[in-house]
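Residues per chain are reported as follows:
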Amino acid sequence: MSLARFERTACGLGNRRSILLSYRDPLGLYHKYPNTAPAGTLSAAVCFTILRPMAVSHDALINQLVPLLSAKRLAHSLRVAATAKQLARHYGSDEDCASQAGILHDIAKHQTPNTLREMGIVCTEWDSCWEHFPSVWHALVGPVVVRHFFPDLGDTLTNPIRYHTTGYKTMDTLTMILFVADFIEPERPIPHRAVIEEQAYTQLHQAVGTIAAHTVATLQADNRPIHPYTHACMATYGPPETAVGWTP
Ligand SMILES: [Fe+2]
Ligand SMILES: [Fe+2]
């Protein structure tokens, strides 16, 4: 990668130099490379942050998932990707990111802390979640697993994947889209799916609240613990009195 292709600004910071490099790749994606290095040295390839995911093909993502997911889970992920892409188009969000988030969101679904360790993936900070909220754990560690297999993807998908099961107190559009898409994908066997799908295309925030309410009601009925992120999501987004599936 030639430095001549970079647009560079540099400003002095003591005897060090804060360097900001940015460029557009041949596909038009924008990359930014902040780095702090001793004046006179320039290492463009280190400490970089990619503002948008690199152009990793969907086939490359799916090929990596084949040994990690069952056929049934992969089919679910592809339906979530298609649903997320439709929602992104409806709300003017990035369709490619939404699709990637859908493909990858359950990447850790069949893993355990031990199997991740065997793969050389360290995310012990979430081990207590495995003990108390095992069905949530795969979402929280998902971004770590994505970063392991796709280090060039950047951080755009971190929040959508991390909060796709619980929701969160504040969710950007892509995070809400994945959260909702995971719930309303066409083969989800849930009551009121069609009604919530309609809500998703009219009031995305309200759909998030409805889904959070549905999750809380279902977990309470099964006498299962509710993750604090789900409570936080409920506090922000719902439940509206008209929420489908919510019973006070
Ligand atoms: Fe999931
Ligand atoms: Fe899922």
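Predicted model, so just to flag it, every value in this text is computed and none were measured.

Draft legend 1. Quick peek at the overall build of the protein. For the protein, the count of helices and strands is 11 helices and 3 strands. From first element to last, N terminus to C terminus, the protein shows the α and β order β-β-β-α-α-α-α-α-α-α-α-α-α-α. Going through the 248 residues of the protein one by one, you find that 35% of them count as buried. For the protein, restricting intrachain contacts to residue pairs at least 6 apart in sequence, the fraction spanning at least 24 positions comes to 58%.

Draft legend 2. Inspection of the environment of leucine 74 at higher detail. Inspection of the secondary structure puts leucine 74 in helix α2 (residues 71-91). Apart from the residues within four sequence positions on either side, leucine 74 is in contact with Leu65 and Leu69.

Draft legend 3. Seen up close, the nonpolar core. One finds Ala84, Ala101, Ile177, Val180 and Val208 to be the most contacted residues of the largest nonpolar core, which totals 52 residues. Secondary-structure elements contributing two or more residues to this core are α2, α3 (95-104), α6 (134-149), α8 (173-184), α9 (193-202), α10 (204-221) and α11 (228-237). Sort the elements by how many residues they give to this core and α8 lands first, with 9 residues. Apart from residues no more than four positions distant in its own chain, valine 180 is found in contact with Leu87, Ala200, Leu204, Ala207, Val208 and Ile211.

Draft legend 4. Just α6, in detail. With 16 residues, α6 extends 22 Å between its outermost C-alpha atoms, agreeing within 8% with the 22 Å of an ideal straight helix rising 1.5 Å per residue. Of all the bends found along α6, the most pronounced is centred on glycine 142 and spans about 45 degrees, while proline 143, a proline, follows it within four residues. Residues of α6 that are buried: Val136, Trp137, His138, Ala139, Leu140, Val141, Gly142, Pro143, Val145 and Val146. The elements touched by buried residues of α6 are α3, α4 (113-118), α5 (127-132) and α7 (158-162).

Draft legend 5. Fine view of the packing of α3 against α8. The N-to-C vectors of α3 and α8 enclose an angle of 45 degrees; their axes lie 10 Å apart at closest approach. Overall, the two elements α3 and α8 adopt an arrangement that is oblique. In this structure, the crossing between α3 and α8 has a hand that is right-handed. On α8, the residues touching Cys97, Ala98, Ala101 and Gly102 of α3 are Leu174, Ile177, Leu178 and Ala181. Considered class by class, the residues forming the contact of α3 with α8 number 7 nonpolar, 1 polar and no charged.

Draft legend 6. Spatial organisation of the environment of glutamate 125. With respect to the helices and strands, glutamate 125 occurs in the loop between α4 and α5. By the C-beta count within 10 Å, which is 10 here, glutamate 125 ends up exposed. A C-alpha to C-alpha distance of 10.0 Å links glutamate 125 and leucine 140, two positions 15 residues apart in sequence.

Draft legend 7. Spotlight on α8. Its 12 residues give α8 an end-to-end C-alpha distance of 16 Å, which sits within 8% of 16 Å, the value for a rise of 1.5 Å per residue. Among the 12 residues of α8, 11 are classified as buried, and the element is accordingly described as predominantly covered. For α8, the complete set of buried residues consists of Leu174, Thr175, Met176, Ile177, Leu178, Phe179, Val180, Ala181, Asp182, Phe183 and Ile184. Buried residues belonging to α8 abut α2, α3, α7, α9 and α10.

Draft legend 8. Expanded view of the packing of α2 against α8. With their axes 8 Å apart at the nearest point, α2 and α8 run at an angle of 135 degrees to one another. By the angle between their axes, α2 is oblique relative to α8. Crossing hand, α2 versus α8: right-handed. Counting all contacts with α2, which are made through Val80, Thr83, Ala84, Leu87, Ala88 and Tyr91, the residues of α8 involved are Thr173, Ile177, Leu178, Val180, Ala181, Asp182 and Ile184. Of the residues that constitute the contact of α2 with α8, the class distribution is 10 nonpolar, 2 polar and 1 charged.

Draft legend 9. Unusual backbone geometry, seen in detail. Look at histidine 192: it is not a glycine, yet its phi comes out positive at around 70 degrees. Along the chain, histidine 192 turns up in the loop between α8 and α9. A positive phi is found at asparagine 223, a non-glycine position, where the angle reads about 60 degrees. Locating asparagine 223 in the fold gives a position in the loop between α10 and α11. Look at asparagine 223 and you get exposed, because 6 C-beta atoms sit within 10 Å.

The rules we used
- Each chain carries its own residue numbering, running from 1 in the direction its sequence is written.
- All chains are assigned letters beginning with A, and all ligands numbers beginning with 1, in the order in which they are written.
- Under the rules for a predicted model, residues below a pLDDT of 70 receive no local features and side-chain atom pairs below 80 are neither given nor counted, while totals for whole chains, interfaces and linings still include all residues.
- Under the DSSP-based scheme used, a helix requires at least four consecutive residues in state H or I and a strand at least two consecutive residues in state E, with every element numbered from the N terminus.
- Here a residue counts as buried when 20 or more other C-beta atoms fall within 10 Å of its C-beta, as exposed when 12 or fewer do, and as partly exposed in between; the C-beta atoms come from the backbone.
- Once C-beta atoms have been placed from the backbone, residue pairs whose C-beta atoms lie within 7 Å are recorded as contacts.
- Definition of nonpolar core: a set of buried Ala, Val, Leu, Ile, Met, Phe, Trp, Tyr and Cys residues joined via C-beta atoms within 7 Å.
- Here the expected span of a helix is defined as 1.5 Å times the quantity of residues minus one.
- Bend is computed residue by residue as the angle between axes fitted to the seven residues ending at the residue and the seven residues starting at it.
- With axes taken as lines fitted to C-alpha atoms, and helix axes fitted only over the stretch in contact, angles between N-to-C directions fall between 0 and 180 degrees.
- Relative orientations are named as follows: roughly parallel for angles under 35 degrees, roughly antiparallel for angles over 145 degrees, roughly perpendicular for angles from 65 to 115 degrees, and oblique for any other angle.
- By the definition used in this description, the sense in which the near helix is turned from the far one sets the handedness, with an anticlockwise turn below a right angle giving left-handed and a clockwise turn giving right-handed.
- Throughout, the ten residues Ala, Val, Leu, Ile, Met, Phe, Trp, Tyr, Cys and Pro are labelled nonpolar, Asp, Glu, Lys and Arg are labelled charged, and all others, Gly among them, are labelled polar.

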